[in-house]
Amino acid sequence: MSKEIKVKIDKEKCKSCGFCVLYCAKGILFTGKKNNAKGFFYIEFDDKLNKCNSCAICALMCPEAAIEVFKEDKK
Amino acid sequence: MKPVYLKPESLKDVVTSYCPGCGHGLVHRLIAEVIDELKVREKTIGIAPVGCAVYAYDYFNFDVAEAPHGRPPAVATAIKRCLPDRIVFTYQGDGDLASIGTNEIIHAANRGENITVIFINNANYGMTGGQMAPTTLPGMRTTTTQKGRDSKLHGFPLRVSELLATLEGTVYIERVSLIDPANVIKTKKAIKKAFSNQLTGTGFSFVEVLSPCPVNWGLKPLEALKFVKDQMIPYFKLGILKDKTEEMKKEKGA
Ligand SMILES: Cc1ncc(C[n+]2csc(CCOP(=O)(O)OP(=O)(O)O)c2C)c(N)n1
Ligand code: SF4
Ligand code: SF4
């Protein structure tokens, strides 16, 4: 199991619209309790169970280009 | 780790002025992805409108000129005719394109200028605080139609794509939305086609995007997506309204 983060969210760009949260089929994105410089409660990625399959639907829906997605290298 | 999705090079690494859930940001990102994929970033010139997208020159990482309200098609015409090897597109809201600039878009389309037009239909004037636009839906409340748009008093919402499709000079016209991942993918495909047509010299290509304006609609971002789906799409039907691409390619020998 990889400990590297598959979904990187630029917290300063996120405006908490929730599009990524709505369409993530795995339910591993959530609105956090901390706000960014603009005052938005930015989205956090929590994938303790390694459910993310790097589908990048979250990045596809993000109006702010705040999300970058990575996948594990094949070993 | 291997990248699956990275921020497109054609977007600057900045925070935009758009409201949460605004369609402008999403369409900017799709345009930037398409420009990257077509490898034309260094020869692309965008024309920004007056409206919330007025700062597009601060967000796109390629040349962008600014036009007076409604005049991007005229500026694009001049640039494309002087520099035919550039990829020239206008980016316009519905106040810009369908109200103050109606005349400009009709004539540019009718002349069959070899440009790409991305039209953001959010059913109101966003930047100035949500006044009625020609595209405002019947019964829709705006700051200037507080009891809802009354067609007897204010006329009917203008279907610009249908209107332009009747003109001889237009080649490709499609209306798309951003309501879910499948539709965002469709929108990107339409934008890509509209730009590819310019590369092959095929002619005037126009993509209308039904776009959420949550703050002025008085809705949360997710409710605004639902509003597009339930209220806008029944009036502004999605799909290809005209496609002479293959015919024109044959004619041009492209
Ligand atoms: C000549 C002129 N008239 C009026 C205005 C005021 N004005 C600024 S933005 C705007 C409407 C923009 O609405 P739209 O094109 O729908 O874009 P949106 O902000 O919704 O993206 C108007 C009327 C102006 N800047 N210039
Ligand atoms: S889609 Fe983008 S801006 Fe919206 S909540 Fe998710 S990360 Fe933030
Ligand atoms: S007012 Fe509407 S169009 Fe303008 S940035 Fe906000 S959501 Fe977007």
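Residues numbered from 1 in each chain as written. Chains lettered and ligands numbered in written order. Predicted model: local features only at pLDDT ≥ 70, side-chain atom pairs only at ≥ 80, totals over all residues. Heavy atoms only, no water.

## Considerations on the side chain of B:T116
Residue and element names in this part refer to chain B.
- Tracing the backbone through its elements, the reader meets T116 in strand β5 (residues 116-121).
- In this structure T116 comes out as buried when scored by relative accessible area, which is 0%.
- A polar contact of 2.9 Å, which involves the side chain of T116, links it to the backbone oxygen of A194. (Helix = DSSP H or I, 4+ residues; strand = E, 2+ residues; numbered from the N terminus. Buried < 20%, exposed > 50% of the residue type's maximum accessible area, 1.4 Å probe, protein only. Polar contact = N/O pair within 3.5 Å; in protein donor to acceptor, adjacent residues only side chain to side chain.)

## Thoughts on the site of ligand 2
- In the vicinity of ligand 2, the residues found are A:C14, A:K15, A:S16, A:C17, A:G18, A:C20, A:I43, A:C62, A:P63, A:E64 and A:I67.
- Here the residues of the shell around ligand 2 sort into 7 nonpolar, 2 polar and 2 charged. (Near = heavy atom within 4 Å. Nonpolar A, V, L, I, M, F, W, Y, C, P; charged D, E, K, R; others polar.)

## Focus: the packing of aromatic side chains
Residue and element names in this part refer to chain B.
- With the rule as written, the count across this model stands at 10 aromatic pairs over all chains.
- Aromatic side chains Y18 and Y59 sit 5.5 Å apart centroid to centroid with 70° between the ring planes, which places their arrangement in the edge-to-face category. With Y18 in the loop between β1 (2-5) and α1 (23-37) and Y59 in helix α2 (residues 56-59), this residue pair connects regions lying 41 residues apart in the sequence.
- You can call Y18 buried: its relative accessible area is 4%. (Phe/Tyr/Trp six-rings, centres within 6.5 Å; stacked < 30°, edge-to-face > 60°.)

## With respect to the pairing of β5(B)
All names here are of chain B.
- Most of β5 is tucked away, with 6 of its 6 residues classed as buried.
- Side-chain alternation along β5 places T116, I118 and I120 on one buried face and V117, F119 and N121 on a second face that is also buried.
- Two elements, strand β4 (residues 87-93) and β5, share 5 bridges in a ladder whose sense is parallel. Note on β5: the bridge partner recorded for Q92 is F119.
- Bridge analysis of β5 against strand β9 (residues 204-210) gives 6 bridges, and the strand direction is parallel. Bridge pairing in β9 links V117 to F206. (Pairing = 2+ DSSP bridges.)

## Thoughts on the interface of chain B and chain A
- If you look at the interface, chain B gives 30 residues, while chain A gives 32 residues.
- Counting each side, the surface lost to burial between chain B and chain A is near 2,600 Å², with a carbon and sulfur contribution of 67%.
- Summed over the three residues of chain B that lose the most area to chain A, namely B:M1, B:K2 and B:Y5, the buried surface amounts to 27% of that side.
- At the surface where chain B touches chain A, the tally comes to 1 salt bridge.
- Here B:D13 and A:K13 are joined by a salt bridge, their closest N and O atoms 2.5 Å apart. (Contact = heavy atoms within 4.5 Å. Buried area = accessible area lost by both parts, 1.4 Å probe. Salt bridge = Lys/Arg side-chain N within 4 Å of Asp/Glu carboxyl O.)

## Side note on the pattern of salt bridges
All names here are of chain B.
- Throughout the structure, instances matching the rule amount to 21 salt bridges over all chains.
- Between K188 and E33 there is a salt bridge, with the nearest N and O atoms lying 2.9 Å from each other. Residue K188 is found in helix α8 (residues 181-199), and its partner E33 is found in helix α1; the two are separated by 155 residues along the sequence.
- Judged by its relative accessible area of 18%, K188 is buried.
- D243 is the partner of K193 in a salt bridge, and the nearest nitrogen-oxygen pair spans 2.5 Å. Here the residue K193 occupies a position in helix α8, and D243 occupies one in strand β10 (residues 239-243), the gap between them amounting to 50 residues.
- Overall, D243 belongs to the partly exposed group, its relative accessible area being 36%.
- Taken together, the shared-partner salt bridges in this structure form one network comprising R29, E33, E37, K188 and K192.

## Things to note about the pairing of β9(B)
All names here are of chain B.
- Burial of β9 is extensive: 7 of the 7 residues sit out of reach of the surface.
- Going residue by residue along β9, you find F204, F206, E208 and L210 tucked away on one face and S205, V207 and V209 tucked away on the opposite face as well.
- Sheet topology note: the strand β8 (residues 170-177)/β9 ladder contains 7 bridges and is parallel. Across the sheet, the residue bridging to I173 is F206, located in β9.

## What about unusual backbone geometry?
- Of note in the backbone geometry, A:A56 takes a positive phi value of approximately 70° without being a glycine.
- Note on A:A56: relative accessible area 12%, which makes it buried.
- Positioned with a positive phi, B:A123 is a non-glycine residue whose angle comes to about 60°.
- Turning to its location among the elements, B:A123 is positioned in the loop between β5 and β6 (124-125).
- On the basis of relative accessibility, which here comes to 0%, the residue B:A123 falls in the buried class.

## Considering the sheet that holds β9(B)
Residue and element names in this part refer to chain B.
- Within the open sheet, the 7 strands sit side by side as β3-β2-β4-β5-β9-β8-β10. Their pairing is mixed. Each edge of the sheet is formed by a strand with only one pairing partner; in this case those strands are β3 (63-66) and β10. Taking the axes of each pair of neighbouring strands and ignoring which way they run, one obtains an average angle of 15° across the sheet.
- With 4 bridges connecting them, strand β2 (residues 44-48) and β3 associate as parallel partners. Opposite I45, over in β3, you have D63 as the bridge partner.
- Sheet contacts for helix α10 (residues 221-235): β5, β8 and β9; angle to β9, the most-contacted strand, approximately 130°. (Axes fitted to C-alpha atoms, helices over the stretch in contact; angles between N-to-C directions.)

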